[in-house]
Amino acid sequence: MDLDAVADELYALRPEEFTAARASAVAAARTAGDRELATRIGALRKPSLAAWVSNLLVRSRPGEVEPLLRLGEGLRQAHQDLDGAQLRELSRRQHALIRALSLQARQLAAQAGHPISESVQREVENTLHAVLADPEAAEAWATGRLAKPLSAAVGFPAVAGAVPARAGATAPGRSKPAGKGRAVKDGKADEQRRRRLAEARQAAEAADRELRTLRDGAESAGRAAQEAKQQVERHQQRVDELAEELERARGAHQQARFAERTAREEARAADRRVREAARKATAAAERLERLTSSEP
């Protein structure tokens, strides 16, 4: 038993299984007489839901790990080189890849029985942004053992050190005043370009945050529209049922009216027959009486 193997097993588990499995591993290490290992295992933190989803993505989609790591290396190098064209292209790929991975992570979590909210998905996306910006964050994410989501730093730290190095590279070996002037001028130009790049980067990050917010709003509106559509369909089904019931009631009503008219006509006919029979009975009685009175 070693810490890496135990950690791999623990962070591959569902969140609700982590604590009991960790306690079991601590007990096993103590039984084996390795108190130091038991202490280190006990120090492993249960992952938050966002961290677990990030780990699930790494473990379930290993083929997606390397492309994101390579993209992060390219972005950091482009920031360091102040390569605007490369930055624009890689930033476009960054937004598309992070969105695709976060949607995959959400689907995996749902399939594993833990649907996630919009806020948790944003934490997953922030972790992916951190992976692109920070090589140490990338290394931690690739292990699939995060205990908490990572935070994306604003900008890429490597840029801060890149510009002075490039600006200073023009200075050595130039002793003429004109050379010094050009070096100062080059330094100012680099500083302006660095400032413009930093402003553009901040604008891009703000636009990305706004895009995520708008996408979240669009998804919420889409779900609300779907729920409203389902409600309309339920009410329409009820209307159809009531319309069918009304149609049946109208048919029954018409049949009842027809039966009523038929019964009235039969009653009138019966009444006529009764009157005719009464008239005949009266006539017969009168005739009988006349015959009786005329006998000697």
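Note that the structure is a prediction, hence the values are computed from the model and not measured. (Residues numbered from 1 in each chain as written. Predicted model: local features only at pLDDT ≥ 70, side-chain atom pairs only at ≥ 80, totals over all residues. Heavy atoms only, no water.)

What to know about the packing of helix H7 (residues 118-133) against helix H8 (residues 135-142)
Remark: H7 packs on H8, axes separated minimally by 5 Å, with the N-to-C direction vectors making an angle of 125°. Here H8 runs oblique to H7, going by the angle between their axes. Between H7 and H8 lies a crossing whose hand is left-handed. Residues Thr127, Leu128, Ala130, Val131 and Ala133 of H7 form the contact with H8, whose own contacting residues are Pro135, Ala137, Ala138 and Trp141. Taken together, the residues of the contact of H7 with H8 break down into eight nonpolar, one polar and no charged. (Axes fitted to C-alpha atoms, helices over the stretch in contact; angles between N-to-C directions. Helix = DSSP H or I, 4+ residues; strand = E, 2+ residues; numbered from the N terminus. Parallel < 35°, antiparallel > 145°, perpendicular 65-115°, else oblique. Left-handed = near helix turned anticlockwise from the far one by under 90°. Contact = heavy atoms within 4.5 Å. Nonpolar A, V, L, I, M, F, W, Y, C, P; charged D, E, K, R; others polar.)

Focus on the confidence of the model for the protein
In the predicted model, the protein carries a mean pLDDT of 77, and the fraction of residues at 70 or more is 69%. Segment residues 154-178 is flagged for pLDDT under 50; beyond a separation of four residues in sequence, or across chains, it makes 33 contacts in the model. (pLDDT = per-residue confidence, 0-100.)

Focus on the side chain of Thr127
Structurally, Thr127 can be placed in helix H7. Among residues more than four places away in sequence, those in contact with Thr127 are Ser54, Trp141, Leu146, Pro149 and Leu150.

Focus on the pattern of salt bridges
Tallied over the full model, the rule gives 11 salt bridges. The shortest N-O distance in the salt bridge between Glu66 and Arg70 comes to 3.9 Å. A residue pair is termed a helical-turn pair when its members lie 3 or 4 positions apart in one helix, as Glu66 and Arg70 do in helix H5 (residues 65-81) at four residues. Judged by relative accessible area, which is 41%, Glu66 ranks as partly exposed. When salt bridges with common partners are traced through the structure, they connect Asp4, Asp8, Arg59 and Arg145 into a single cluster. (Salt bridge = Lys/Arg side-chain N within 4 Å of Asp/Glu carboxyl O. Buried < 20%, exposed > 50% of the residue type's maximum accessible area, 1.4 Å probe, protein only.)

Quick look at helix H4 (residues 49-60)
Under the 1.5 Å per step criterion, the end-to-end length of H4 is 16 Å for 12 residues, consistent within 8% with the ideal 16 Å. Burial analysis of H4 places nine of its 12 residues in the buried class, the great majority of the element. Taken together, the buried positions of H4 are Ala50, Ala51, Trp52, Val53, Ser54, Asn55, Leu56, Leu57 and Val58. (Expected span 1.5 Å × (residues − 1).)

As for the nonpolar core
Counting residues in hydrophobic clusters, the biggest one holds 32 residues, and the most contacted among them are Val53, Leu57, Leu68, Leu128, Val131, Trp141 and Leu150. Listing elements by their share of this core, those giving two or more residues are H4, H5, helix H6 (84-111), H7 and H8. In contact with Leu150, other than residues within four places in its own chain, are Glu123, Asn126, Thr127, Ala130, Val131, Ala137 and Trp141. Listed in part, the 13 residues of the second largest apolar core include Leu10, Val26, Ile41 and Leu44. (Core = buried A, V, L, I, M, F, W, Y, C linked by side-chain atoms within 4.5 Å.)

Some remarks on the environment of Ser293
By the element assignment, Ser293 lies in helix H10 (residues 177-293). Residue classification places Ser293 among the exposed residues on the basis of a relative accessible area of 59%. In terms of polar contacts, Ser293 uses its side chain to reach the backbone carbonyl oxygen of Arg290, at 2.9 Å. (Polar contact = N/O pair within 3.5 Å; in protein donor to acceptor, adjacent residues only side chain to side chain.)

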